[in-house]
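Chain by chain, the residues:
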Amino acid sequence: MQLKLILLDFDGTLASTEEANMEAYVLALREEGVELDKEEYKRRYFGMRCPEFLRELGFTDAEDIDRIRRRKIELYPTLFDTVRLNEPLWNFVQDFRAQGGKAWIVSTGQKDNICNVMRHLGIEGKVDGVITSLDVVEPKPSPEAFLKAMEIEGVTPAETLIFEDSLVGLEAAAASGAAYIKVEL
């Protein structure tokens, strides 16, 4: 089978956004009187969707969660100087696209955040599509988002290669039936 589609997780795979995400949470939570332990965040929460993360920290009120989420989103772009593109992976993907292949970003991140970071990195519009958890019923570790991209492009798992970094992402990749590569930035 010929490879026709590459699916890329964004945060931690295509771009090193961990520091910016973490610092935005630290600042937003500090405004709420909560000190976030950075090592615990890296170990337990990075890659988790914001509402679930905040519930894990003990926030239960929907208005509080939404307010903190909006504040984190507001702070995030001010920290883009810490974000780096995974150049070797990006170059590989662009070579693949130049040969007629397709490449999609499949992420649990917020579409606006992803697009803003892509704009900052100068790569906006250089993938064939973006799917986030808002585009599917079940987020990762469900393979639904990966399978949706394959369906849109009309390819099978055997014609797809996935790049992922997180445990939930790797579980989703394996469950999709496609080949996958673990990325460590």
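The rules behind the values
- Residues numbered from 1 in each chain as written.
- Predicted model: local features only at pLDDT ≥ 70, side-chain atom pairs only at ≥ 80, totals over all residues.
- Heavy atoms only, no water.
- Core = buried A, V, L, I, M, F, W, Y, C linked by side-chain atoms within 4.5 Å.
- Buried < 20%, exposed > 50% of the residue type's maximum accessible area, 1.4 Å probe, protein only.
- Contact = heavy atoms within 4.5 Å.
- Phe/Tyr/Trp six-rings, centres within 6.5 Å; stacked < 30°, edge-to-face > 60°.
- Helix = DSSP H or I, 4+ residues; strand = E, 2+ residues; numbered from the N terminus.
- Lys NZ or Arg CZ within 6 Å of the ring centre and 35° of its normal.
- Axes fitted to C-alpha atoms, helices over the stretch in contact; angles between N-to-C directions.
- Parallel < 35°, antiparallel > 145°, perpendicular 65-115°, else oblique.
- Left-handed = near helix turned anticlockwise from the far one by under 90°.
- Nonpolar A, V, L, I, M, F, W, Y, C, P; charged D, E, K, R; others polar.
- 1 Å grid on protein atoms, 1.4 Å probe; cavity = no way out; pocket = protein on both sides within 12 Å on 5 of 7 lines; lining within 4 Å.
- Points joined across faces, edges and corners; volume = space filled by probe spheres on them.

Quick look at the nonpolar core now. One finds Phe10, Leu14, Leu29, Tyr41, Phe53, Leu54 and Ile105 to be the most contacted residues of the largest nonpolar core, which totals 43 residues. Not counting residues up to four positions away in its chain, the partners in contact with Leu14 are Leu8, Asp9, Arg84, Leu85, Asn86, Leu89, Trp90, Ile105 and Ile123.

This paragraph deals with the packing of aromatic side chains. Any aromatic ring pair is given by two values, namely how distant the centres are and how the planes are angled relative to each other. The full count for this structure, using the stated rule, is six aromatic pairs. The interplanar angle of 80° and the centroid separation of 5.5 Å between the aromatic rings of Tyr41 and Phe53 together place this pair among those described as edge-to-face. Taken together, the positions of Tyr41 in helix α2 (residues 38-45) and Phe53 in helix α3 (residues 50-56) put the pair twelve residues apart, joining distant regions of the chain. A relative accessible area of 3% means that Tyr41 is categorised as buried. Ring pairing ties together the aromatic residues Tyr25, Tyr41, Tyr45 and Phe53, which thus form one cluster. The cationic tip of Lys72 hangs over the ring face of Tyr76; the distance from NZ or CZ to the ring centre is 4.6 Å.

In this section: the packing of helix α1 (residues 18-30) against helix α4 (residues 62-75). In contact at an axis separation of 8 Å, α1 and α4 are set at 130° when each is read in the N-to-C sense. Compared by their axis directions, α1 and α4 come out oblique. Considering how the two elements wind past one another, α1 and α4 form a crossing that is right-handed. Seen from α1, the contacting residues are Asn21, Ala24, Tyr25, Leu27, Ala28 and Leu29; seen from α4, they are Ile68, Arg71, Lys72 and Leu75. Grouping the amino acids of the contact of α1 with α4 by side-chain chemistry returns seven nonpolar, one polar and two charged.

So, on to empty space enclosed by the protein. Within the structure shown, the criterion is met by two cavities of 30 Å³ or more. Considered as a void within the structure, the largest cavity measures approximately 370 Å³ in volume. Lining the largest cavity are 28 residues, and of these Asp11, Asn21, Met48, Thr108 and Gly109 sit closest to its centre. Per-class residue counts for the lining of the largest cavity are twelve nonpolar, eight polar and eight charged. Its boundaries defined by the atoms lining it, the second largest cavity holds a volume of some 40 Å³. Taken together, Val106, Ser107, Thr108, Thr132, Ser133, Val136, Glu138, Pro139, Lys140 and Ala145 form the lining of the second largest cavity.

Bringing the packing of helix α7 (residues 144-153) against helix α8 (residues 167-176) into the picture now. For the pair α7 and α8, interaxial distance at closest approach is 8 Å and the crossing angle is 50°. When the axis of α7 is compared with that of α8, the two are oblique. Of the residues in α8, those touching α7 at Phe146, Leu147 and Met150 are Gly169, Ala172, Ala173 and Ser176. Of the residues assigned to the contact of α7 with α8, the class counts are five nonpolar, two polar and no charged.

In short, the description is geometric, and any link to function would need to be established separately.
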